[in-house]
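# Per-entry structural report
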Amino acid sequence: MTPARKIRLGVNVDHVATLRNARGGLLPDPVRAAQMALAAGADGITAHLREDRRHIQDEDMKRLRDLPAPLNFEMAATEQMLDIALKIRPHACCLVPEKRTERTTEGGLDVIGGLDRLKPFVSELSNAGIRVSLFIEPSPEALAAAKEIKAPVVELHTGAWCHALETDETVKAAAEFARLRAAAAETERLGIECHAGHGLDFDTARQIAALPQIVELNIGHFLVAEAVFIGLEASVRRMIQAMSLGRGETSPLSDDGERA
Ligand code: PXP
C-alpha cells in the first residue's frame with residue numbers, strides 16, 4: 001500500500017471575484033482573500049481566467065502571481081490563454097474544458113478526442129518551466145491519454161461523486177468513489193502526480209484525502225460559501241483539519257478549526 005504523502009490545499013478564489021463583479025467595483029478583492037487563505041494555512045492559490053472574464057480578470061491573475069505562494073492558473077487550451085500564461089509564468093497551469101454557457105466546469109477535458117490539440121499546450125507550458133495538469137474524468141482511458149501527451153499531473157474531477165452525494169444517489173455515489181479510487185491508484189502506476197477537485201466540502205474533502213495517491217485538492221465554491229457565515233480563515237482552517245483527518249494525520253487544529 002502507498003504510504004500517504006502530505007496533502008496540499010489549493011484555495012480557488014474565483015467566487016470572491018464573482019461577488020466583486022456582481023457590484024462592479026473593487027470589493028471583495030480576490031487577492032486579499034488569497035492572502036487570508038494563505039495566512040490560514042493554504043498551500044497555494046487557484047484561479048480560473050475564463051474566456052468571458054466572468055470572475056477573475058487579467059489584472060487579478062498578475063496580482064495573484066506576485067503573492068509568495070504557488071499559483072495554479074486554470075485555463076482553457078486556447079492560444080490567447082497560452083500567451084497570457086507564458087507572460088505571467090505561474091507555478092502551475094491546469095488545462096480545463098470551457099463552455100461559455102456553463103455555470104462551472106462541468107466535466108473533464110476530452111483528452112482522448114483532443115490528444116493532438118492538447119499535446120503542444122502541455123509541451124510549451126512544460127518547456128517554460130510551468131507544471132501542467134489536465135483536469136480529467138477519473139477513467140482509465142483519460143489517464144492513458146494524459147500519459148500519452150506527457151502530462152506530469154492530472155486533476156481528477158470529483159464533481160459527479162459530490163453531486164451524487166448531494167442528491168442522495170447512494171449507489172451512484174459509491175460507484176463514482178470507486179472510479180476515483182481506481183483512477184488515483186492508476187496514476188501511481190503511470191507515474192503521474194494526482195490532484196482532485198470540484199464540488200468538495202468538509203465531508204467529501206475528508207473522504208477523498210484518504211486516497212494516498214492524491215497530493216493536492218483544489219477547492220473554491222464551498223470555502224467561499226462557508227466564509228459568508230464563519231469567515232474565510234476559519235473556513236480554510238476547518239478544511240485543512242478535515243483533510244488531515246481523512247489522511248489519518250494528527251490534526252494541527254482543534255475541533256473548531258482553530259490552531260491548537
Ligand atoms: N478544480 C478545477 C479544475 C476547477 O475548474 C474548479 C472549479 O473552478 C475547482 C477545482 C474548484 O471547484 P469548486 O469551486 O466546486 O470547489
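First, a word on what this report is: a plain description of the structure on this page. Residue numbering note: each chain is counted from 1, following its sequence as written. Where local features are concerned, this predicted model is filtered to residues with pLDDT of at least 70; where side-chain atom pairs are given and counted, the filter is 80 or more; whole-chain, interface and lining totals use all residues. With hydrogens and water stripped out, all remaining heavy atoms of the structure feed into the side-chain values.

For the rest of this paragraph, the subject is the pairing of strand 1 (residues 8–12). Counting buried positions along strand 1 gives 4 out of 5 residues, so the element sits mostly inside the fold. Pairs of strands are assigned from DSSP output, requiring at least two bridges between the strands. Secondary structure elements are taken from DSSP: a helix is a run of H or I of four residues or more, a strand is a run of E of two residues or more, and numbering for both begins at the N terminus. Where strand 1 meets strand 8 (residues 214–219), 4 bridges bridge the pair, whose relative direction is parallel. Paired with Val11 across the strands is Ile219, a residue of strand 8. Relative accessibility thresholds used throughout: buried, under 20% of the residue-type maximum; exposed, over 50%; partly exposed, between the two (1.4 Å probe, protein chains only).

Turning to helix 10 (residues 221–230), its buried residues are Leu223, Val224 and Ala227. Mapping the buried residues of helix 10 onto a view down its axis gives an arc of 95°, with all of them on the same face. Residues of helix 10 that are exposed and angled more than 90 degrees away from the buried face: His221, Val228 and Phe229. Gly231, located one to two residues past helix 10, shows a positive phi value of around 90°. What the arc describes is the spread of directions from the helix axis to the C-beta atoms.

What follows is about the nonpolar core. Counting residues in each nonpolar core, the largest one holds 79 residues, and the members touching the most others are Phe73, Leu95, Leu134 and Leu217. Contact definition: two residues touch when any of their heavy atoms are within 4.5 Å. Residues within four places of Leu95 in sequence aside, it is in contact with Met75, Leu109, Leu118, Phe121, Val122, Leu125, Val132, Ser133, Leu134 and Phe135. Residues belong to a common nonpolar core when they are buried Ala, Val, Leu, Ile, Met, Phe, Trp, Tyr or Cys residues joined through side-chain atoms within 4.5 Å.

Before going further, it helps to examine helix 5 (residues 115–127). A helix is expected to span 1.5 Å multiplied by its residue count minus one. With 13 residues, helix 5 should cover 18 Å at 1.5 Å per step; its first-to-last C-alpha distance of 18 Å lies within 8% of that length. Listed in full, the buried residues belonging to helix 5 are Leu115, Leu118, Phe121, Val122 and Leu125. Along helix 5, the residues classed as buried sweep out an arc of 125° about the axis, all on the same side. Of the exposed residues in helix 5, those oriented more than 90 degrees away from the buried face are Asp116 and Asn127. Buried-residue contacts for helix 5 involve strand 3 (71–75), helix 4 (79–88), strand 4 (92–95), strand 5 (131–136) and helix 6 (140–148).

Next up on the list: the pattern of salt bridges. We count a salt bridge whenever a side-chain nitrogen from Lys or Arg sits within 4 Å of a carboxyl oxygen from Asp or Glu. Within this structure, the stated rule accounts for 15 salt bridges. One salt bridge in this structure joins Asp58 and Arg53, with 2.6 Å as the shortest N-O distance. Notably, a salt bridge pairs Lys62 with Glu59, separated by 3.7 Å at the nearest N-O pair. With a gap of 3 residues between them, Lys62 and Glu59 both fall in helix 3 (residues 58–65), about one helical turn apart. A relative accessible area of 44% places Lys62 in the partly exposed class. Glu59 gets classed as partly exposed once you look at its relative accessible area, which sits at 47%.

Let us now look at a nonpolar patch on the surface. Patches in this entry comprise residues that are over 30% relatively accessible and not in a salt bridge; like charges within 9 Å are linked, as are nonpolar side chains (Val, Leu, Ile, Met, Phe, Trp, Tyr) within 5 Å. Note on areas: Shrake-Rupley, 1.4 Å probe, and residue coverage restricted to the protein chains presented here. On the surface, Val228, Phe229 and Ile230 cluster together into a nonpolar patch covering about 330 Å² of accessible area. Look at Val228 and you get exposed, because its relative accessible area is 61%.

What follows covers the site of the ligand. Proximity criterion: a residue is near a molecule or strand once any of its heavy atoms comes within 4 Å of it. As a structural note, the neighbourhood of the ligand is formed by 13 residues, with Glu74, Glu155, Gly199, Gly220 and His221 the closest of them. Under this definition, polar contacts are N or O atom pairs within 3.5 Å; protein pairs additionally need one hydrogen-donor-capable and one acceptor-capable atom, and for neighbouring residues in sequence, both atoms have to be side-chain atoms. Within the backbone of Gly220, a nitrogen or oxygen atom sits 2.8 Å from an oxygen atom of the ligand. In isolation the ligand exposes 400 Å². Once the protein is present, 95% of that is buried.

An axis is simply a line fitted to the C-alpha atoms; with a helix, the fit covers only the stretch in contact. Between two such axes, the angle follows the N-to-C directions and lies from 0 to 180 degrees. Interhelical geometry of helix 10 versus helix 11 (residues 232–247) gives an angle of 125° and a closest axis separation of 7 Å. On the basis of their axis angle, the class for helix 10 and helix 11 is oblique. Crossing hand, helix 10 versus helix 11: right-handed. Contacts between helix 10 and helix 11 involve Phe222, Leu223, Glu226, Ala227 and Ile230 from the first element and Leu232, Ala234, Ser235, Val236, Arg238 and Met239 from the second. Should an angle lie under 35 degrees it is considered roughly parallel, over 145 roughly antiparallel, and from 65 to 115 roughly perpendicular; all remaining angles are considered oblique. Helix crossings get a hand from a simple test, with the near helix turned counterclockwise from the far one by less than a right angle marking a left-handed crossing and a clockwise turn marking a right-handed one.

Ordered by their spatial adjacency, 8 strands build a closed barrel running 1-2-3-4-5-6-7-8, and the pairing between neighbours is parallel. The average undirected angle you get between the axes of adjacent strands in this sheet is 25°. Relative to strand 8, strand 7 (residues 193–197) is paired through 4 bridges, and the arrangement is parallel. Each residue of the ladder has a partner; that of His195, found in strand 8, is Glu216.

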